[in-house]
Amino acid sequence: MTPTNSKPMTAHSDTTQRHSDGHAAASCCAGKDHQAAAVAANGHGHSHDQDNDHDHSHGHDHAHSHSHAPAATAAAHAHTDCCTPDLGAAAPASSALKADDGALLLRIPAMDCPVEEGQIRQILEGAAGVKLLQFDLPARTLRVEADPQQWAAVTEKIQSAGFSTETLSAPPAAADVQKAQRVELYRLIAALVVAATAELLHLLTPETSVWRMVGMAVAALAIALSGLGVFKKGLSALLRGQLGINALMSVAVIGAFVIGQWPEAAMVMALYSLAELIEARSVDRARNAIAQLLALSPPQIEARQADGSWQIQDAKTVAVGTLARVKPGERFALDGVVTSGQSAVDQSSVTGESIPVDKAPGDPVFAGTINQSGSLEFEVSKRSSDTVLARIIHAVEQAQGQRAPTQRFVDSFARIYTPAVFVLAVAVAVLPPLMLGWPWLTAIYKALVLLVIACPCALVISTPVTVVSGLSAAARRGILVKGGAYLEEARKLRVVALDKTGTITAGTPRLVQTRMLSTSTDARQIERIAKSLAARSDHPVSKAVAAGIDGEALEVDNFAAELGRGVKGDIAGQSYVLGNHRWIHERGQCSAEVEALMLAMEEQGQTVSVLASAQGVLGLFAVADTTKESSKQAIAELKALGIRTVMLTGDNEATARAIAAQVGIDEVKANLLPEDKLQVINGLVAQQPAGMVGDGVNDSPSLAAASIGFSMGGAGTDIAKEAADILIMNDDLRRVPETVQLSQRTYAILWQNIIFALGIKVVFFALAVFGNASMWMAVFADMGASLLVVFNGLRLLRVSTK
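Residues numbered from 1 in each chain as written. Predicted model: local features only at pLDDT ≥ 70, side-chain atom pairs only at ≥ 80, totals over all residues. Heavy atoms only, no water.

**Q** Tell me what's going on with the environment of alanine 224, and back it up with residues and numbers.
**A** Checked against the element boundaries, alanine 224 lands in helix H4 (residues 209–239). Overall, alanine 224 belongs to the partly exposed group, its relative accessible area being 33%. (Helix = DSSP H or I, 4+ residues; strand = E, 2+ residues; numbered from the N terminus. Buried < 20%, exposed > 50% of the residue type's maximum accessible area, 1.4 Å probe, protein only.)

**Q** Which residues make up a nonpolar patch on the surface, and what values do they have?
**A** Taken together, the side chains of Val426, Val430, Leu431, Leu434, Met435, Leu436 and Trp440 define a hydrophobic patch exposed on the protein surface, amounting to about 730 Å² of accessible area. Inspection of the secondary structure puts tryptophan 440 in helix H10 (residues 440–454). You can call tryptophan 440 partly exposed: its relative accessible area is 44%. (Patch = residues over 30% accessible without salt bridge, like charges linked within 9 Å, V, L, I, M, F, W, Y side chains within 5 Å. Areas by Shrake-Rupley, 256 points an atom, 1.4 Å probe, with all protein chains shown as cover. Salt bridge = Lys/Arg side-chain N within 4 Å of Asp/Glu carboxyl O.)

**Q** Help me get a handle on the packing of helix H11 (residues 457–476) against helix H23 (residues 775–794), residues and values and all.
**A** It is at 8 Å that the axes of H11 and H23 come closest, and there the two elements cross at 15°. Taken together, the axes of H11 and H23 lie roughly parallel to each other. For H11 against H23, the interelement crossing comes out right-handed. Counted together, Cys457, Ala458, Ile461, Ser462, Val465, Thr466 and Ser469 of H11 and Asp782, Met783, Ala785, Ser786, Val789, Val790, Gly793 and Leu794 of H23 form the full contact between these two elements. Of the residues assigned to the contact of H11 with H23, the class counts are nine nonpolar, five polar and one charged. (Axes fitted to C-alpha atoms, helices over the stretch in contact; angles between N-to-C directions. Parallel < 35°, antiparallel > 145°, perpendicular 65-115°, else oblique. Left-handed = near helix turned anticlockwise from the far one by under 90°. Contact = heavy atoms within 4.5 Å. Nonpolar A, V, L, I, M, F, W, Y, C, P; charged D, E, K, R; others polar.)

**Q** Describe in detail unusual backbone geometry, supporting the description with residues and values.
**A** Phi at asparagine 558 takes a positive value of approximately 55°, unusual for a residue other than glycine. Along the polypeptide, asparagine 558 turns up in strand S19 (residues 557–562). The backbone of asparagine 671 shows a phi angle near 55°, a positive value even though the residue is not glycine. The topology assignment puts asparagine 671 in the loop between strand S25 (667–669) and helix H20 (674–687). Overall, the relative accessible area of 39% leaves asparagine 671 in the partly exposed class.

**Q** Quick rundown of the sheet that holds strand S14 (residues 370–371)? Include the residues and the values.
**A** Taken in spatial order, the three strands line up as S12-S11-S14 in an open sheet, and their pairing is antiparallel. Of all strands in the sheet, those with a lone pairing partner are strand S12 (357–359) and S14, marking the two edges. When strand S11 (residues 343–346) meets S12, the two strands line up antiparallel, connected through three bridges. Counted as the bridge partner of serine 343 is lysine 359 from S12. (Pairing = 2+ DSSP bridges.)

**Q** Help me get a handle on the confidence of the model for the protein chain, residues and values and all.
**A** Summary statistics for the protein chain give a mean pLDDT of 77 and a share of 79% for residues scoring 70 or more. In the model, residues 1–6 has pLDDT below 50 throughout and makes 15 contacts with residues more than four positions away in sequence or in other chains. Contacts from residues 8–101, a stretch scored under 50 in pLDDT, to residues over four places away or in other chains number 388 contacts. (pLDDT = per-residue confidence, 0-100.)

**Q** Which residues make up the sheet that holds strand S13 (residues 364–365), and what values do they have?
**A** With antiparallel pairing, the six strands of this open sheet are ordered in space as S8-S7-S9-S15-S10-S13. The open sheet has two free edges, formed respectively by strand S8 (310–314) and S13, since each of these has just one partner strand. Inspection of the sheet shows strand S7 (residues 300–304) paired to strand S9 (residues 323–326) by two bridges, in the antiparallel sense. Paired with glutamate 302 across the bridge in S9 is arginine 325.

**Q** Talk me through the nonpolar core; I want residue IDs and the actual numbers.
**A** With 51 residues, the main nonpolar core has Tyr272, Val449 and Met775 as its most contacted residues. When contributions to this core are tallied by element, the ones reaching two or more residues are helix H3 (174–204), H4, helix H5 (245–258), helix H6 (262–288), helix H9 (405–435), H10, helix H22 (735–770) and H23. Sequence-distant contacts of methionine 775, defined by excluding residues within four places in its chain, comprise Ala252, Ala256, Glu264, Val268, Tyr445, Leu448, Val449 and Val452. Among the nonpolar cores identified, the runner-up in size contains 37 residues, and Leu498, Ile635, Val668 and Val736 belong to it. (Core = buried A, V, L, I, M, F, W, Y, C linked by side-chain atoms within 4.5 Å.)

**Q** Explain the pattern of salt bridges to me, and be specific about the residues and the numbers.
**A** Summed over the entire model, instances satisfying the criterion amount to 18 salt bridges. Between lysine 492 and glutamate 489 there is a salt bridge, with the nearest N and O atoms lying 3.1 Å from each other. Note that aspartate 732 and arginine 734 form a salt bridge whose closest N and O atoms lie 2.8 Å from each other. For aspartate 732, a relative accessible area of 5% translates into the label buried. Given a relative accessible area of 23%, arginine 734 falls into the partly exposed group. One continuous salt-bridge network, built from bridges that share partners, spans Arg477, Asp732, Arg734, Arg735 and Glu738.

**Q** Any chance you could break down the pairing of strand S3 (residues 103–107) for me, citing the residues and the numbers?
**A** In terms of residue burial, S3 counts as a mostly covered element, since four of its five residues are buried. Two elements, S3 and strand S5 (residues 141–146), share five bridges in a ladder whose sense is antiparallel. By the bridge assignment for S5, alanine 103 is matched with glutamate 145. One ladder, built from three bridges, connects S3 with strand S6 (residues 166–168); its direction is antiparallel. Following the sheet pairing, leucine 106 is matched in S6 by threonine 167.

**Q** Give me the lowdown on the packing of H3 against H4, citing residues and values where you can.
**A** Contact geometry for H3 and H4: axes closest at 8 Å, N-to-C directions at 160°. When the interaxial angle is binned, H3 and H4 end up roughly antiparallel. For the crossing formed where H3 meets H4, the hand is left-handed. For the pair H3 and H4, the contacting residues are Arg187, Leu188, Ala190, Ala191, Val194, Ala195, Thr197, Ala198 and Leu201 in the first and Trp211, Val214, Gly215, Val218, Ala219, Leu221, Ala222, Leu225 and Ser226 in the second. Grouping the amino acids of the contact of H3 with H4 by side-chain chemistry returns 14 nonpolar, three polar and one charged.

**Q** So, the pairing of strand S17 (residues 495–499): which residues are in play, and what are the values?
**A** Here S17 lies mainly inside the structure; five of its five residues are buried. Both faces of S17 are covered, namely the face carrying Val495, Ala497 and Asp499 and the face carrying Val496 and Leu498. With five bridges connecting them, S17 and strand S24 (residues 644–648) associate as parallel partners. Residue aspartate 499 lies in a different strand from S24, and its bridge partner there is leucine 648. The pairing of S17 with strand S26 (residues 690–694) spans four bridges and is classified as parallel. Of the residues in S26, the one forming a bridge with alanine 497 is methionine 692.

**Q** An account of H11 is needed here, citing residue identities and associated values.
**A** With 20 residues, H11 extends 28 Å between its outermost C-alpha atoms, agreeing within 8% with the 28 Å of an ideal straight helix rising 1.5 Å per residue. Positive backbone phi, at 80°, marks glycine 478, one or two positions downstream of H11. (Expected span 1.5 Å × (residues − 1).)

And the structure:
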């Protein structure tokens, strides 16, 4: 992390921008610059500086608009990646490709892996009228959102690159996709059996012309069963001047067959194809781990009809505002707000929190969560495609399309590595016979072994599967990371700044003390005036003042908010202000008595709102907040990780230090306006990687300026409009150190995989040139390394919950 304010950048992005309005790709592979992982953050809301407990501002806080330029995944490089039929589960519901009036749906038979996806994306990126690309590799379909007049041009571009296309009116049925995958699996198993037969014929039969012809025929059959698709793609890549894995394998297998090593050629192709199949299913498991959560939402819901009756209907057809009912033990099919009943709800699928949450009228409920005890009626607030659970899945899928820094490094290395080894193989085939007297067949065979070893599959696939597994593991824990770059970079944090209200504290203050200072105005009237002004603001402190005073509010004219100071208005022709210490001081109304009283309250950790008229201060209203149970442990865990913590608050020094002492924070910066917090964050980032934890609304400028921004309570917000890089779906501050720990573990596994993949290459390079390594040994080593790095990366999915 550089000392400047530099966010981790995704590929194709020269500047660090985040969360701009864009089309969210439904598959984890989708990705145009302005389309894939873009998450809108142009949010308007009533901003009350919620970390400033007595800062009653009532205004609009416009979050900075940013965008992540999505990148093709590491597997999208035609010249570096591994290719295989994806025989995993059918595309999840979250990424199902739909045909509609605004989209072209194509079936591309040769597109069965990220190599072809990357080639097609390169062809269509920047094409006129193309807005969004959505890939479904198991079904081999592509949905293109484009102007209808551009559909013919899009199809022509794809076909000109050597891909045949078929226009579809609807996506293939899941059953048909699964059937095709089973056929592919059986074909490859048959190829392996036939290849083994060719090996046995070579070993057990006499060296006669007839048996040689039989052996060659059996080997050719094995290659035809397993490798015709590889040959077609390899030839196509060579014609385009690309040395991808298909090209390397094609050259190696053809060369082995030509020099008489046809049993090995057959076994290499069969092993390669089968190992790739297993590897693809493992990668698919990582990609779809989080998407499986969508199945937690039941497809049907019990909804109230116009005639008052209750009927079961498809959740997708239920409109917002419909009254629905869920019984004990059932899952919620849609998001909503409880209107009747009381119960406890298991929200672990959304927030990662295993402890059930009590629900009563007015409380939100989320799709996929489990109603545990009483029956609840709720009003539907989101359609099935827009629930919190669906948005979590979409956001993670978008994040999976972004490349982490290590992944970009590996891709760059592989682009150099593969051609370099190809040149080395040619040198081994030509130079030793000319200079050292090696037999030509021996040198050529060693060169073919080198080509098999040169396949960068294990190296390239080692990073995306690890990052995707880490993103999925985080989401299962209620941590929504908006890109692999942030997952990897979180380990570098050395200081974390925390907003106070709603982050360290519960954010639900209550009125604990009042003090009337006017002898000319009745105490009850002062309270009603304070209540009337406070009731017009939605700042937590104002709400606490209004809730703590009984009686009806008075009519307020000319109500206005002063950002970072408070609110003001006219009541019965008299002007009043309800604000913080700073504002009263600026008005010149702070007497020695008022100062002493406020100091005493603030030293007790209370936040003081002052009611004043033009004549002077009328009363003091002290509000106290309590720290969250998890805050103290979270701060201790951050310190154990070597991370310094700083509290940023608009509250007064005494209150801030009282709260900081309770949770173990040593450094406090108080009396800050939002722009002051931004300045502090910029100063921290200039020195070292710094994180910011806030509420995601008023803190959005600071969250954007931090190296990594954490927003709390994401389950109750519009995820697509958050300014943060990482959303904590519940209010548990312990998720912040947990994110850092997951980042450290992800980074460690990334480099374990890279070192292991390269180590295997080095060993077999030596064996191929100076020893007796055979082609089937080389393919076993390369594919074995690929599977091992995949399974090592998948270990991240087993992150335990606390």
